[in-house]
Amino acid sequence: MDGIRFNRRTAEGEIAAENEPSAELLAKQGDLEVILYRINGESVVWLFPATDPNAIEYFFVHAGGVDLAMDDGLVSLGAGESFSVSGLTTDVPVKMHGDTEILYVTNCPAFEQVKDVDVSLKELLTRINEKDHYTSRHSKAVLQYSLAIYDAMQDRGPEISREDLAFAALFHDVGKCFVPVEILQKPDKLEQAELRFILRHPVDSGRMLLPKFGEQIAEIARNHHERLDGTGYPRGLRVEDISLSSQIVAVADAFDAMTSNRGYNIVKTFLEAAEELASLPHQYDTRITSVLMQLVSSGALEEGVITGV
Ligand SMILES: [Fe+2]
Ligand SMILES: [Fe+2]
């Protein structure tokens, strides 16, 4: 991406941990500011294009590390490495590698910590939509299917509020903001290195949701690709370690993946997909897949009702 120059070094420095995010103004002269940011490992921050065309920003990673989600790939920097920004044209999300300290020098501050996760996650969905329309439409579909299943399960369903399940379903894939768009949309088989980006997205989703929404919602996002028999990812959990709520989102997620056109898959009808999921009881909970079958065969879930966000 234009506008960012990376200054690497091979040896990593000492890593110091800090628990609370903070910004300490170390020096100021006119518009020039030197700030030490201590950022908690659960945070996501954004680099925004500066409004002043003469703005220069320099970031030195003092401890911890950062991942910058660039359009052409993820760039990881560790302690002792730095980058400078000028002429940035798009927003760039930055994720911490655990608790991180960044020395920030600027003549036009434009580095903001995301404080309101509600707003930032919605923005994130919009931005993911700009990068990859499938993910945003998919999030909306998974929300609708998850709630339909939840409503139909009634007192056989999980102990979670409808609102919490809705949040988890809508934001289950926000971790995809760290997956380069060419990997998200790649029609061919992914290379090992590319696959690693995909395999980590549930972990990133969980970490992004945890601070604001708590463990119950984060667990759903983290485990939506786990399968009952341990064949899922990222951790290969088994049935006893996967909540019923995450299994609902997992079924809704797989159902949408099977029935929507991602450009490289065979698109199944709702009935075909529901039957296939019901035929895999070792992977998907039959209490959920049988409810899905009822919803599809009764016409309660109709094809073609999900539109783009
Ligand atoms: Fe996912
Ligand atoms: Fe998904």
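Treat the numbers as computed from the prediction; the structure is a model and nothing was measured.

Asker: Mind showing me how you'd approach the layout of surface pockets here?
Answerer: In this approach a probe as big as a water molecule rolls over the atoms, and the regions it shows empty are the leftover space. There is about 840 Å³ of room inside the largest pocket. If you go around the largest pocket, you meet 32 residues; those closest to its centre are His225, Tyr233, Ala257, Arg262 and Tyr264. Elements represented by at least two residues in the lining of the largest pocket include exactly helix H2 (133-153), helix H4 (181-184), helix H5 (192-213), helix H7 (244-259) and helix H8 (270-278). Within the lining of the largest pocket, the residues separate by chemical class into 15 nonpolar, 8 polar and 9 charged.

Asker: Is there a simple way to explain the packing of aromatic side chains in this structure?
Answerer: What describes a pair of aromatic rings is the distance from one ring centre to the other and the angle between the planes of the rings. Going through the model one piece at a time under the given rule, you end up with 8 aromatic pairs. Between tyrosine 145 and phenylalanine 270, the ring centres sit 6.0 Å apart and the planes meet at 90 degrees, which makes this aromatic pair edge-to-face. One end of the pair, tyrosine 145, is in helix H2; the other, phenylalanine 270, is in helix H8, with 125 residues separating them in the sequence. In this structure, tyrosine 145 and phenylalanine 270 share a single accessibility class: buried. For the ring pair phenylalanine 167 and phenylalanine 171, a centre distance of 6.1 Å and an interplane angle of 20 degrees mean the geometry is stacked. Judged by its relative accessible area of 2%, phenylalanine 171 is buried. Aromatic rings pair up to connect Tyr37, Phe59, Phe83 and Tyr104 into one cluster.

Asker: Whenever I open this one, the pairing of strand E6 (residues 65-70) confuses me. Can you help?
Answerer: Looking along a regular strand, one sees side chains alternate from face to face of the sheet. Counting buried residues along E6, 6 of its 6 residues qualify, which places the element largely inside the surrounding structure. Across the two faces of E6 the burial is the same, with Gly65, Asp67 and Ala69 and Val66, Leu68 and Met70 all buried. Looking at chain direction, E6 and strand E9 (residues 92-96) are connected through 3 bridges and run antiparallel. Across the sheet, the residue bridging to leucine 68 is valine 94, located in E9.

Asker: In this structure, what is going on with the side chain of histidine 172? I would like to understand it.
Answerer: With respect to the secondary-structure elements, histidine 172 resides in the loop between helix H3 (162-170) and H4. The exposure class of histidine 172 is buried, given its relative accessible area of 0%. One polar contact links histidine 172 to aspartate 173, side chain to side chain, over a distance of 3.0 Å. Residues contacting histidine 172, with those up to four places away along its chain left out, are His138, Ser139, Val142, Ser205, Ala221, His224, Val249 and Asp253.

The rules behind these values
- Residues numbered from 1 in each chain as written.
- Chains lettered and ligands numbered in written order.
- Predicted model: local features only at pLDDT ≥ 70, side-chain atom pairs only at ≥ 80, totals over all residues.
- Heavy atoms only, no water.
- 1 Å grid on protein atoms, 1.4 Å probe; cavity = no way out; pocket = protein on both sides within 12 Å on 5 of 7 lines; lining within 4 Å.
- Points joined across faces, edges and corners; volume = space filled by probe spheres on them.
- Helix = DSSP H or I, 4+ residues; strand = E, 2+ residues; numbered from the N terminus.
- Nonpolar A, V, L, I, M, F, W, Y, C, P; charged D, E, K, R; others polar.
- Phe/Tyr/Trp six-rings, centres within 6.5 Å; stacked < 30°, edge-to-face > 60°.
- Buried < 20%, exposed > 50% of the residue type's maximum accessible area, 1.4 Å probe, protein only.
- Pairing = 2+ DSSP bridges.
- Polar contact = N/O pair within 3.5 Å; in protein donor to acceptor, adjacent residues only side chain to side chain.
- Contact = heavy atoms within 4.5 Å.

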